[in-house]
Amino acid sequence: MALALRASTSTSSSAPSSTQRRRRGAATVAVYSQTPRRPVFRALAAAATVATPTPGRHPPLALPPTPTSVADAMSRVRAKGKTAFIPYITAGDPDLATTADALRLLDGLGADVIELGMPFSDPSADGAVIQASAARALAAGATTEAVMAMLKEVTPELSCPVVIFSYFNPIVRRGTASFATAAKEAGVKGLIIPDLPYDEIRAFRKEAIKNILELILLTTPATPADRMKEIAKASEGFVYLVSVVGVTGARATVNPLVEDLLKEIRQVTNKAVAVGFGISTPEHVSKIAEWGADGVIIGSAMVKQLDHHPTYTHRDSLKFFFYIRSDAHVRIVQLIKLHRLKLLLLVLATISYMAFALKASASSAALGHPQRRDAAGAAAVTVPTRSMVRAVAAATSGASIDPAVAMSTPGRFVVRAPRVPSLAHVPVADRPALSVAQTLSKIKEQGKTAFIPYITAGDPDLETTAEALRLLKACGADVIELGMPFSDPYADGPVIQASAARALAGRTTIDAVLSMLKEVTPELSCPVVLFSYLGPIVRRGAAKFMAAAKEAGVKGLIVPDLPYAETCEFRNEAVRNGLELVLLTAPTTPAERTKEIAEASQGFVYLVSVNGVTGPRANVDPRVKDRLKEIKQVTDKAVAVGFGISTPEHVRQIAGWGADAVIIGSAMVKQLGEAASPREGLKKLEEYARSLKDALP
């Protein structure tokens, strides 16, 4: 929203009306010669009437109007033909006192909605900046209870609604009903849960409605048209359009697909649409506003301002500037001697610059919102082919990718989680003759590199999957990785996403997959490892799932979104069922965490070769060579490399670098799932598998 200092030259002690508080008029430049008892920006955030102060006195504060719902706030901005400004910060970074001040500050600077991130140890949808921010907040002791208590004090002072961005895990741990109730009591108006499984939206939405919370849902460039329409219909407050297939974090340019995606969403809903992820510059803001977005969400770039500046004590006097847009011009307001700040909040410069760019664009003719189409009368939408599953909404019932799995999305690095029990002490049960570890150990002793192909169960059907398992073994597979289809495989790229969608469309279920395996595994001389997201496992119950996997002849388990803090308990359950829990590490995993993962992983250590999702790459990341050396310095277990490997040249190169095994997924799935018929697919799969096997030493 336009940045305007809510000002009045009146010295009357009576509180201004709501209209007066929100009126955008000329700004009064106030220079404080004495350090006020409260931060000056609190006066701004509280929409105070600012008069030229008397030395030794601070300006009177007026209570802001009670924040309305998120939908109402967006509607008001939209009705004015403007674009809403939605900044994001992490609760508790660097501490909750600063967060409280930052909320007041953002409100005072004209935020239309504020998105507050609940810190979590495994923020799978977030990039390096917000990961680090969450880690700092957790290290400082930020808890759900503490955040809610802070909000309960601060939200009554704000004139804009606050939306909590939380991963599902903290909500499940507290209890959905308890969390929603606490959020309501804290004055929160909405919730964003990036890893809320799509199948659980309806039940969760009912709980949110009971507590007058608006559940905001996300859609991405990878969301198919029918799913996007359902999301738009179910979302409250606004529809959150993620601009990239990946994690949060600054990008050089805005994804050009956003313009078309906005048009597509507009054809199925008249709700406000806000764009987020990767937005970091005034140019980005202006561009997205020009494309017709109702709101722009700035996260990582905002969070970065609170972190990357010097720390000051309460005795320091700080100076900073921000732009204030009056009706026809910009003024620079100088605020001097701010008391009690622990950080140099240069975030003001960023906020103001972006918001000014947003509002300046909004006032131009090019920014007039396009005529809204009534959803009921909209023509049928023709959508380009896109992968079938959302890339951002993680598919867990309370988990997000473990720092050890930070590889699954671009630009991530591993955040050190809160202290967790050591995993090294967990006893390893006796294994059957064909355990994954023993199989790879034998191949390693022979000086060879193991061949580990991956296929999706049920694509195109389970009968073909059974034949493919037998075929892969005949082609020389040493271990076979079988993917359990899931609706939101966010660690996977378009090929495996589409494969999972086909399998689910064919009504492939966990029970059906395990039943098929129970018949096929006795015929195989190589171990089968299941690749499953945590959501399906938790729904069934970890103990029950693993017992069924054991009965089906499965030897190992890979769970890409298993939070590191829960690995110990999960691994114990796997051991009880004779399953080897394979853990993942990436090029960005710190050395200390890599060592812990290597010690805890069973079967082999899974080295992800890229910072991103599965799918073919032109070249193998050269960092893999050094990462292999580093891992081998801390463990003698087999190390397998996967993600992005698709050609015989890749296989030979990775084997030459010393990998004990090579995992080929998307390229393998493509041979089988995209063929004209199952028979043709099996033929292509055999030819391709043999070409890769022959390339290995």
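These numbers were taken from a predicted model, which means no experiment stands behind them.

## With respect to the overall build of the protein chain
Broken down by element type, the protein chain carries 26 helices and 20 strands. Out of the 697 residues belonging to the protein chain, those deemed buried represent 61%. Across the protein chain, the fraction of contacts at a sequence separation of at least 24, relative to all contacts at a separation of at least 6, is 77%. For the protein chain, the accessible surface area stands at approximately 26100 Å², while carbon and sulfur atoms represent 52% of it.

## Structural notes on the pairing of strand β8 (residues 273-276)
Neither face of β8 is left uncovered, since the one carrying Val 273 and Val 275 and the one carrying Ala 274 and Gly 276 both have all their residues buried. The sheet contact formed by strand β7 (residues 239-242) and β8 spans four bridges and is parallel. Across the sheet, the residue bridging to Leu 241 is Val 275, located in β8. Once you follow β7 into helix α11 (residues 257-266) and on to β8, the crossover reads as right-handed. Pairing of β8 with strand β9 (residues 295-298), which is carried by two bridges, proceeds in the parallel orientation. The partner of Ala 274 across the bridge, within β9, is Gly 295. Handedness of the crossover joining β8 and β9 through helix α12 (residues 282-290): right-handed.

## Looking at the side chain of Thr 220
When you line up the elements, Thr 220 lands in the loop between β6 (218-219) and α10 (225-234). By relative accessible area, which is 2% here, Thr 220 ends up buried. Side-chain polar atoms of Thr 220 contact the backbone nitrogen of Ala 222, separated by 2.9 Å.

## Quick look at the nonpolar core
Formed by 70 residues in total, the largest nonpolar core has its most connected members in Leu 482, Leu 517, Leu 530, Ile 664 and Met 668. Residues contacting Met 668, with those up to four places away along its chain left out, are Phe 451, Pro 453, Tyr 454, Ile 455, Leu 472, Leu 685, Tyr 688, Ala 689 and Leu 692. One finds Ile 89, Met 118, Met 150 and Tyr 198 within the second-largest nonpolar core, a separate group that totals 61 residues.

## Remarks on the packing of aromatic side chains
Scanning the entire structure with this criterion turns up 11 aromatic pairs. With centroids separated by 6.2 Å and ring planes inclined at 40 degrees, the aromatic side chains of Phe 604 and Tyr 606 adopt a geometry described as tilted. Residue Phe 604 shares its accessibility class with Tyr 606, and that shared class is buried. What links up through ring pairs into an aromatic cluster is the set Tyr 88, Phe 120, Phe 165 and Tyr 167.

## With respect to the pattern of salt bridges
Following the criterion strictly, the structure yields 21 salt bridges and no others. Ionic pairing is found between Glu 596 and Arg 593, a salt bridge with its closest N-O pair at 3.4 Å. Taken together, the residues Glu 596 and Arg 593, both in helix α22 (residues 591-600) and three residues apart, mark about one turn of the helix. Residue classification places Glu 596 among the partly exposed residues on the basis of a relative accessible area of 28%.

## Some remarks on α10
Burial in α10 covers these residues: Arg 227, Met 228, Ile 231 and Ala 232. Along the axis of α10, the buried positions cluster into a sector of 135 degrees, meaning they face one direction only. For α10, the exposed residues set more than 90 degrees away from the buried face come down to Asp 226, Lys 229 and Lys 233. Buried residues along α10 sit in contact with β6, β7 and α11.

## Brief notes about the pairing of β9
What you see with β9 is no split at all: Gly 295 and Ile 297 on one side and Val 296 and Ile 298 on the other are buried throughout. The pairing of strand β1 (residues 84-90) with β9 spans four bridges and is parallel. Bridging across to β9, Ile 86 finds its partner in Ile 297.

## Details of the packing of helix α24 (residues 648-656) against helix α26 (residues 678-695)
Each pair of packed helices can be described by the angle between their axes along with the distance between the axes. At a closest axis distance of 8 Å, the pairing of α24 and α26 adopts a crossing angle of 30 degrees. Taken together, the axis directions place α24 and α26 in an arrangement best described as roughly parallel. The handedness of the crossing between α24 and α26 is right-handed. Taken together, the residues of α26 that come into contact with α24 (itself represented by Pro 648, Val 651 and Arg 652) are Ser 691, Leu 692 and Ala 695.

## Regarding the environment of Arg 76
Along the chain, Arg 76 turns up in helix α3 (residues 70-79). A residue is classified by how much of its surface remains accessible, and Arg 76, at 42% relative accessible area, is partly exposed. Between the alpha carbons of Arg 76 and Asp 112 there is a distance of 9.5 Å; along the sequence they are 36 residues apart.

## Some remarks on the confidence of the model for the protein chain
Detailed reading of predicted coordinates is not advised where the pLDDT is low. Averaged over all residues, the pLDDT of the protein chain equals 74, while 70% of them reach at least 70. No element of the protein chain has a lower mean pLDDT than strand β11 (residues 330-336), at 26, and none a higher one than strand β3 (residues 162-165), at 97. The model gives residues 1-64 a pLDDT under 50, and that stretch makes 127 contacts with residues more than four places away or in other chains. Contacts of residues 308-353 to residues separated by more than four positions or lying in other chains number 114 contacts, the stretch itself having pLDDT below 50.

## Points about the sheet that holds β6
In sheet architecture, strand pairing relies on hydrogen bonds along the backbone and comes in two forms, parallel and antiparallel. As summarised here, the arrangement of the nine strands in space is β5-β4-β3-β2-β1-β9-β8-β7-β6, forming an open sheet in which the pairing is parallel. Unpaired on one side and paired on the other, β5 (214-216) and β6 mark the two borders of the sheet. Pairing of strand β4 (residues 190-192) with β5, which is carried by three bridges, proceeds in the parallel orientation. Counted as the bridge partner of Ile 192 is Ile 216 from β5.

Reading the values: rules and limits
Residues numbered from 1 in each chain as written. Predicted model: local features only at pLDDT ≥ 70, side-chain atom pairs only at ≥ 80, totals over all residues. Heavy atoms only, no water. Helix = DSSP H or I, 4+ residues; strand = E, 2+ residues; numbered from the N terminus. Buried < 20%, exposed > 50% of the residue type's maximum accessible area, 1.4 Å probe, protein only. Contact = heavy atoms within 4.5 Å. Areas by Shrake-Rupley, 256 points an atom, 1.4 Å probe, with all protein chains shown as cover. Pairing = 2+ DSSP bridges. Right-handed = clockwise from strand over helix to strand, strands pointing away. Polar contact = N/O pair within 3.5 Å; in protein donor to acceptor, adjacent residues only side chain to side chain. Core = buried A, V, L, I, M, F, W, Y, C linked by side-chain atoms within 4.5 Å. Phe/Tyr/Trp six-rings, centres within 6.5 Å; stacked < 30°, edge-to-face > 60°. Salt bridge = Lys/Arg side-chain N within 4 Å of Asp/Glu carboxyl O. Arc of directions from axis to C-beta. Axes fitted to C-alpha atoms, helices over the stretch in contact; angles between N-to-C directions. Parallel < 35°, antiparallel > 145°, perpendicular 65-115°, else oblique. Left-handed = near helix turned anticlockwise from the far one by under 90°. pLDDT = per-residue confidence, 0-100.

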